[in-house]
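Each chain, letter by letter, is given below.
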Amino acid sequence: MMSTDLRALAELLRSRGMLRSVAGSVEGVEVGRVQFDSRDISDGDLFVAVTGAERDGHEFCAAAVERGAAALIVERPLPDIQVPQLVVTSSRGAMALAAAWSHGFPSRELGVIGITGTDGKTTTSYLVRAMLGECGYPAGLLTTVEAVVGGESRGYLGHTTPEAPVIQADLRAMVDAGDRFAVVETTSHGLALERVAEVAYDIAVLTNITHEHLDLHGTYEAYVAAKRSLFSRLALSDANPDKGYGKHAVVNARDAEGASFAAAARAAGATVLTYSAGDDIAADICGTDVRDLPTGVALRVRTARWEDEVEVHLAGSFNVHNALAAIGVGEALGLDPAAMRAGLAHVRQVIGRMQPVDAGQPFDVYVDFAHTPGALAATIAALAPVAAARGGGVISLFGSPGSRDIAKRPMMGAAAAQHSRVVIVTADDPRNEDPAAIAEEIAAGALEAGKTRDADLLIIPDRRAAIRRAFEIARPHDIVLLAGKGHEPTIALKGGPEPWDEAAIAAETLSELGYSRS
């Protein structure tokens, strides 16, 4: 913790135009941690009443004070509560500022690389961190898989970007642990809900934009705007010009939205680098001559500084794009090319991303997080020719979450049908919806794309049973893709979340079917 004087925070909020009024006296009041969950309050903490999709944080202010909160940040004054209250225009924006303030604005002491897009964010984040490490720059990592601080994993963070107090605490811990950079997977939720509002980004990376998260954003245009705002936020890095990294954007030249992201970056004063797989369009980082390796892909990379072969030891040809995005970061920072290539080659697995499961079975099994139509289509399209070359096909197993974007359900069915020998539709975090009903919506897209129910389209709502069935019907040389859950440690059912480990369940099921490495 760095700053604690409530009066100083009030003045900071006022200077940003966020403070509407102050209820009670802030003189001499010291506050501790910035909290948004009343159950986590300790004596002296500052509680922020955040209005969410289902509950209003103002309902929990009294409970927070009973637990020891010394002051509140609220959007409306609560006259019955007798602690100082900072009344603000937006609790979320104020919470982000308060969290950064309380930790001494740690992102100003780090080179911060934000990676956004619909697909490929996590893998690209790991590639960038490995590349930086090989070049002699220790880097922290914030992804949907885990947080890594000072080289030590802090475990799973959740489905999306965590709230601002968590992010700022981790960034401060990175500074204290000696990390030079922070690689931050930056989701549309984190951007739209102001969770990263006070992160001073130095480099912004766009992987791609496809259909996703319309349950939160409402329209595709709003979703794109949220992603694009990362590139506008590059202006925040002016808060500490002594960082010395400059401001840069790395943009997928092949993405339809790439030009607007590049324009936003330039408006923020950033230098833009583009990348492309294939030399049919102009790009600053170009990848050609892609060929399969037993453990991944190799490609020829050309930049303004160097040209050489690069190996990526991750399954799936789509990782060519992730590698090029990472190389764009290295080019922006002027890193040593040989060390960059070595760092990329050292990444052998990302949990829940094309993670192999090998129990001695005569077919391949991969666990992957692909949960959008674009990601599912790209993953299966990459696997299908590999399977076909050895006489097999792809069995794709996936679902779509309940209480989330429903428009993508038939799109996912159609995407999977195009290159799969068999499509198996099952549950994926159904929550309070009927898993069978969700499956039927997905199946409609597969049927429209030419699949036949109970032949090459199976609907098995129970995910464990579906996995077993996929292995039972798999032929030698097939590839079974278990998509959607990836690294997630739970599955959200009607009665609440239950423990889930897709890779472990797959291995257990293969063992039950008699497969063994011995």
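Residues numbered from 1 in each chain as written. Predicted model: local features only at pLDDT ≥ 70, side-chain atom pairs only at ≥ 80, totals over all residues. Heavy atoms only, no water.

Peer 1: How would you sum up the overall build of the protein? Please name residues and give values.
Peer 2: Looking only at helices and strands, the protein features 16 helices and 24 strands. In terms of overall size, the protein behaves like a compact globule, its C-alpha atoms giving a radius of gyration of 24 Å where 518 residues would be expected to give roughly 24 Å. Taken along its principal axes, the extent of the C-alpha atoms in the protein is 75 × 55 × 45 Å. A total accessible area of about 19,800 Å² is found for the protein, and carbon and sulfur atoms account for 49% of it. Taken together, the 47 basic and 67 acidic charged side chains of the protein have centroids lying 1 Å from each other. (Helix = DSSP H or I, 4+ residues; strand = E, 2+ residues; numbered from the N terminus. Rg over C-alpha atoms; globule rule 2.2 N^0.38 Å. Areas by Shrake-Rupley, 256 points an atom, 1.4 Å probe, with all protein chains shown as cover. Lys, Arg positive; Asp, Glu negative; His and termini not counted. Charge placed at Lys NZ, Arg CZ, Asp CG, Glu CD.)

Peer 1: With reference to specific residues and values, describe the sheet that holds strand β6 (residues 111-116).
Peer 2: Strand order in the open sheet formed by 11 strands is β9-β8-β7-β10-β6-β11-β12-β13-β14-β15-β16, with mixed pairing between adjacent strands. The sheet terminates laterally at β9 (152-155) and β16 (307-312), the two strands that pair on one side only. Recorded for the sheet is a direction-independent mean angle of 20° between the axes of neighbouring strands. Pairing geometry for strand β8 (residues 147-149) and β9, over 3 bridges, is antiparallel. The residue bridging Ala 147 from the neighbouring strand is Gly 155, located in β9. Sheet strands in contact with helix α10 (residues 319-333) are β6, β10 (181-185), β11 (203-206), β12 (248-252), β13 (271-277), β14 (285-293), β15 (296-302) and β16, and its direction is about 150° off that of β13. (Pairing = 2+ DSSP bridges. Axes fitted to C-alpha atoms, helices over the stretch in contact; angles between N-to-C directions. Contact = heavy atoms within 4.5 Å.)

Peer 1: Help me get a handle on the side chain of Arg 233, residues and values and all.
Peer 2: Tracing the chain through its elements places Arg 233 in the loop between α8 (220-232) and β12. For Arg 233, which is buried and forms no salt bridge, the nearest opposite charge comes from Glu 194, at a distance of 4.1 Å. Setting aside residues no more than four positions away along its own chain, Arg 233 makes contact with Leu 191, Glu 194, Val 196, Ala 197 and Tyr 201. (Buried < 20%, exposed > 50% of the residue type's maximum accessible area, 1.4 Å probe, protein only. Salt bridge = Lys/Arg side-chain N within 4 Å of Asp/Glu carboxyl O.)

Peer 1: Can you tell me about the environment of Ala 282, naming the residues and giving the values?
Peer 2: Following the sequence through the fold, Ala 282 ends up in the loop between β13 and β14. Separated by 87 residues in sequence, Ala 282 and Phe 369 have C-alpha atoms that sit 31 Å apart.

Peer 1: Outline the environment of Glu 221, listing residues and values.
Peer 2: In this fold, Glu 221 is placed in helix α8. The exposed category is assigned to Glu 221, whose relative accessible area is 56%.

Peer 1: Pulling in residues and values, what's your account of the packing of aromatic side chains?
Peer 2: In the structure shown here, the tally under the stated rule is 5 aromatic pairs. For the pair Phe 181 and Tyr 245, a centre-to-centre distance of 4.9 Å together with 40° between the ring planes defines the contact as tilted. Of this pair, Phe 181 sits in strand β10 while Tyr 245 sits in the loop between α8 and β12, placing them 64 residues apart in sequence. Consider the rings of Phe 363 and Phe 471, whose centres lie 6.0 Å apart with planes at 35°: the pair is tilted. With Phe 363 in the loop between β17 (355-356) and β18 (364-368) and Phe 471 in helix α15 (residues 463-473), this residue pair connects regions lying 108 residues apart in the sequence. Pair check on accessibility: Phe 363 and Phe 471 agree, each one buried. Through a chain of ring-to-ring contacts, the aromatic side chains of Tyr 137, Phe 181 and Tyr 245 assemble into a single cluster. Against the face of Phe 105 rests Arg 108, its NZ or CZ located 4.0 Å from the ring centre. Over the ring of Trp 306 we find Arg 341; its NZ or CZ atom is 4.9 Å from the centre of that ring. (Phe/Tyr/Trp six-rings, centres within 6.5 Å; stacked < 30°, edge-to-face > 60°. Lys NZ or Arg CZ within 6 Å of the ring centre and 35° of its normal.)

Peer 1: Can you lay out the sheet that holds β17 for me, pointing to particular residues and giving the numbers?
Peer 2: Taken in spatial order, the 6 strands make up an open sheet running β17-β18-β22-β19-β20-β21, and their pairing is mixed. With partners counted over all chains shown, the strands left at the sheet margins are β17 and β21 (457-459), one partner each. Both β18 and strand β22 (residues 479-483) contribute to a ladder of 5 bridges, which runs parallel. Opposite Val 367, over in β22, you have Leu 482 as the bridge partner. Against the sheet, helix α14 (residues 435-448) makes contact with β19 (394-398), β20 (422-425) and β21, and its axis sits at roughly 175° relative to β21, the strand it touches most. Across the sheet, α15 touches β18, β19, β20, β21 and β22, and the angle it forms with β19 is around 175°.

Peer 1: Describe in detail unusual backbone geometry, supporting the description with residues and values.
Peer 2: For Phe 105, which is not glycine, the phi torsion reads 50° and is therefore positive. By secondary structure assignment, the location of Phe 105 is in the loop between α3 (91-102) and β6. By relative accessible area, which is 15% here, Phe 105 ends up buried. Residues other than glycine seldom take positive phi values, yet Asp 289 does so here, at roughly 55°. Position of Asp 289 relative to the elements: it lies in strand β14. The class of Asp 289 is exposed, set by a relative accessible area of 59%.

Peer 1: Break down the pairing of β11 for me, citing the residues and quoting the values.
Peer 2: Here β11 shows no split at all, with Ile 203 and Val 205 on one side and Ala 204 and Leu 206 on the other all buried. Looking at chain direction, β6 and β11 are connected through 4 bridges and run parallel. In the sheet register, Gly 114 faces β11, and the bridge partner there is Ala 204. Judged from the 4 bridges that link them, β11 and β12 form a sheet pairing that is parallel. Bridge assignment links Leu 206 to a residue of β12, and that residue is Val 251.

Peer 1: Residues and numbers for the environment of Met 174, please.
Peer 2: As for its placement among the helices and strands, Met 174 is situated in helix α5 (residues 164-177). Separated by 295 residues in the primary sequence, Met 174 and Arg 469 have C-alpha atoms spaced 45 Å apart.

Nothing here speaks to function; it is all geometry.
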